Amino acid sequence: MRVVVDGALHVTMSLAMIAMCWPWWNLWPKSPQMALFLAGAFWCTACLVKDLRRDATRLSLLWHDLAHLFMMTAMMWMIAGMPASDGVHHTSVTGGTLVIGLILTVILAVAAVVSFADYVLPPSAGTGATTELTGTAMHTGMAVMCWLMLAH
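Chemist: Could you give an account of the overall build of the chain, with specific residues and numbers?
Modeler: Broken down by element type, the chain carries five helices and zero strands. Along its sequence from the N terminus, the chain presents helices and strands in the succession α-α-α-α-α. When burial is assessed residue by residue, the chain has 37% of its 152 residues classed as buried. Taking the contacts inside the chain whose residues are at least 6 apart along the sequence as the reference set, 79% of them involve residues at least 24 apart. Accessible surface for the chain amounts to roughly 8400 Å². Of this, 76% is attributable to carbon and sulfur atoms.

Written out as structure tokens, the structure reads:
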């Protein structure tokens, strides 16, 4: 079941990230989007707790769980930072929201480096070469999109 839910969350997150690049994204109501990614964050937290109870020594797996939790949190941050549609595609990242965004961006960039290191440095204690490469791509993409949102 975990593989199915993880896969569904990844596909949904990928589609949402693509859609966020277009002005019509703001026409969609925020509440269902926030609820979906909040549920995703709870799912990632549950996976982290389960993995901690099973084997707290597998740091790569725990980092993997944490990185996914931060990705779900970043999705909520991005959605919250996009104002209602007024015909102009812009963001409203200031104050505490800016600090949170910077922290999430740094964490996602570090996650990209860690995922790539898990791929490059054998033997990998991670979840597999394909998973590490896709993790690198996801974390990099999320960090870049967060950074662009901060810079906009």
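Now, onward.
Chemist: Which residues make up the nonpolar core, and what values do they have?
Modeler: Among the nonpolar cores identified, the biggest contains 27 residues, and Met20, Phe37, Met75, Met78 and Met142 are the most heavily contacted of them. Breaking this core down by element, the ones donating at least two residues are helix H1 (2-19), helix H2 (30-54), helix H3 (59-81), helix H4 (95-120) and helix H5 (129-151). Sort the elements by how many residues they give to this core and H3 lands first, with nine residues. In contact with Met78, not counting residues within four places along its chain, are Met17, Met20, Met142, Met145, Cys146 and Met149.

Chemist: I'd like a description of the packing of aromatic side chains, backed by residues and values.
Modeler: Scanning all chains against the criterion turns up one aromatic pair. Seen in terms of ring centroids, Phe116 and Tyr119 are 6.4 Å apart; in terms of plane orientation they differ by 40 degrees. Their pairing is tilted. With Phe116 and Tyr119 both in helix H4 and three residues apart, this pair spans about one turn of that helix. Under the relative-accessibility criterion, Tyr119 is labelled partly exposed at 39%.

Chemist: So what about a nonpolar patch on the surface? Which residues, and what values?
Modeler: Among the surface-exposed residues, Val11, Leu15, Ile18, Trp22, Trp24, Leu27 and Trp28 lie close enough to one another that they form a single nonpolar patch of about 800 Å² accessible area. One can find Leu15 in helix H1. Overall, Leu15 belongs to the exposed group, its relative accessible area being 55%.

Chemist: Describe in detail H4, supporting the description with residues and values.
Modeler: An α-helical turn contains 3.6 residues, so any two residues separated by three or four positions project in the same direction. Between its first and last C-alpha, H4 extends 38 Å over 26 residues, near the 38 Å set by a 1.5 Å rise per residue. Residues Gly101, Leu104, Thr105, Ile107, Leu108, Ala111, Ala112, Ser115 and Asp118 constitute the buried set of H4.

Chemist: Describe the pattern of salt bridges, listing the residues and the values that go with them.
Modeler: With the rule as written, the count across this model stands at four salt bridges. When the shortest N-O distance is used, the salt bridge between Arg2 and Asp65 registers 2.7 Å. Taken together, the residues span a long stretch of sequence, with Arg2 in helix H1 and Asp65 in helix H3 at a distance of 63 residues. According to the relative accessible area criterion, Arg2 is partly exposed, its value standing at 25%. In this structure, Arg54 and Asp51 form a salt bridge, with 2.6 Å as the shortest nitrogen-oxygen distance. Remark: Asp51 and Arg54 occur in helix H2; sequence separation between them is three residues, near one turn of the helix. Residue classification places Arg54 among the exposed positions, given a relative accessible area of 55%. Residue Asp51 is classed as buried on the basis of its relative accessible area of 1%. Overlapping salt bridges, with partners in common, bring together Arg2, Asp6, Asp51, Arg54 and Asp65 in one network.

Thresholds applied
Residues numbered from 1 in each chain as written. Predicted model: local features only at pLDDT ≥ 70, side-chain atom pairs only at ≥ 80, totals over all residues. Heavy atoms only, no water. Helix = DSSP H or I, 4+ residues; strand = E, 2+ residues; numbered from the N terminus. Buried < 20%, exposed > 50% of the residue type's maximum accessible area, 1.4 Å probe, protein only. Contact = heavy atoms within 4.5 Å. Areas by Shrake-Rupley, 256 points an atom, 1.4 Å probe, with all protein chains shown as cover. Core = buried A, V, L, I, M, F, W, Y, C linked by side-chain atoms within 4.5 Å. Phe/Tyr/Trp six-rings, centres within 6.5 Å; stacked < 30°, edge-to-face > 60°. Patch = residues over 30% accessible without salt bridge, like charges linked within 9 Å, V, L, I, M, F, W, Y side chains within 5 Å. Salt bridge = Lys/Arg side-chain N within 4 Å of Asp/Glu carboxyl O. Expected span 1.5 Å × (residues − 1).

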